[in-house]
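For reference, the chains in residue letters:
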Amino acid sequence: LSHDEAIQDVVVSVLMSPHFCYRLDLGGTGEQRRPLTDDELASRLSYFLWSSMPDAPLLRESSAHNLRRPQVLSAQIQRMLHHERVQGFATEFVGNWLDFRRFQQHNAVDRQRFPKFTDELRQAMFEEPIRFFVELVQHDRSVLDFLDGQHTFVNPVLAQHYGMELPGGAS
């Protein structure tokens with residue numbers, strides 16, 4: 001291989017490796033299974049709820065070996081669910097579930113045929129299911145609300161697109 005081809009081959013190998021793409025904290029296998037360490041628990045919790053690394057309060061509880069205490073774990077989960085970083089979880093979960101992750105960048109809408117489809121409308125459409133999911137999670141609502149929820153989150157542009165009136169006559 002040439003130098004450039006060899007470098008390309010190494011980069012491709014790294015990027016395709018499951019050890020690069022995924023977090024693998026397996027906690028042992030078979031006879032070697034073990035409980036997660038406090039740091040592993042903090043990391044898994046943070047990457048699950050925030051799609052990001054643990055913050056200082058979670059690391060403090062982990063360092064103090066408090067995360068295994070049910071009341072501490074529950075309090076940390078509630079704190080994390082109500083933190084703005086939960087948007088990462090919502091975007092990853094809902095985006096993958098509904099397969100709309102590329103919608104924000106995908107720009108194949110025929111603007112001649114659909115002149116009212118603007119970038120602002122695209123952004124509002126992208127944010128609607130994320131906001132809906134965050135509200136469900138933060139208020140501990142039933143998963144059935146995904147199927148028969150009676151509310152949504154719209155801004156004036158999206159409300160107009162849906163033919164909805166905004167509450168209180170806002171515009």
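The rules behind the values
Residues numbered from 1 in each chain as written. Predicted model: local features only at pLDDT ≥ 70, side-chain atom pairs only at ≥ 80, totals over all residues. Heavy atoms only, no water. Helix = DSSP H or I, 4+ residues; strand = E, 2+ residues; numbered from the N terminus. Buried < 20%, exposed > 50% of the residue type's maximum accessible area, 1.4 Å probe, protein only. Axes fitted to C-alpha atoms, helices over the stretch in contact; angles between N-to-C directions. Left-handed = near helix turned anticlockwise from the far one by under 90°. Contact = heavy atoms within 4.5 Å. Nonpolar A, V, L, I, M, F, W, Y, C, P; charged D, E, K, R; others polar. 1 Å grid on protein atoms, 1.4 Å probe; cavity = no way out; pocket = protein on both sides within 12 Å on 5 of 7 lines; lining within 4 Å. Points joined across faces, edges and corners; volume = space filled by probe spheres on them.

**So, the environment of Pro35**
Okay, step 1: For Pro35, the position within the fold is in the loop between α2 (18-21) and α3 (38-50).
Okay, step 2: We classify Pro35 as exposed; its relative accessible area is 62%.

**What to know about the packing of helix α6 (residues 86-98) against helix α7 (residues 119-138)**
Okay, step 1: One way to put it is that α6 packs onto α7 with a least axis distance of 9 Å and a crossing angle of 120 degrees. The element α6 and its partner α7 pack so that their crossing is right-handed. Along its contact with α6, which presents Val86, Gln87, Phe89, Ala90, Thr91, Phe93, Val94 and Leu98, the element α7 presents Phe126, Pro129, Ile130, Phe133, Val134, Val137 and Gln138.
Okay, step 2: When its residues are assigned to classes, the contact of α6 with α7 shows twelve nonpolar, three polar and no charged.

**Quick notes on the layout of surface pockets**
Okay, step 1: One number sums up the size of the largest pocket: a volume of about 180 Å³.
Okay, step 2: Taken together, Lys116, Phe117, Thr118, Leu121, Val157, Gln160 and His161 make up the lining of the largest pocket.
Okay, step 3: Sorting elements by how many residues they give to the lining of the largest pocket places helix α9 (residues 156-162) first, with three residues.
Okay, step 4: Class assignment for the residues of the lining of the largest pocket results in three nonpolar, three polar and one charged.

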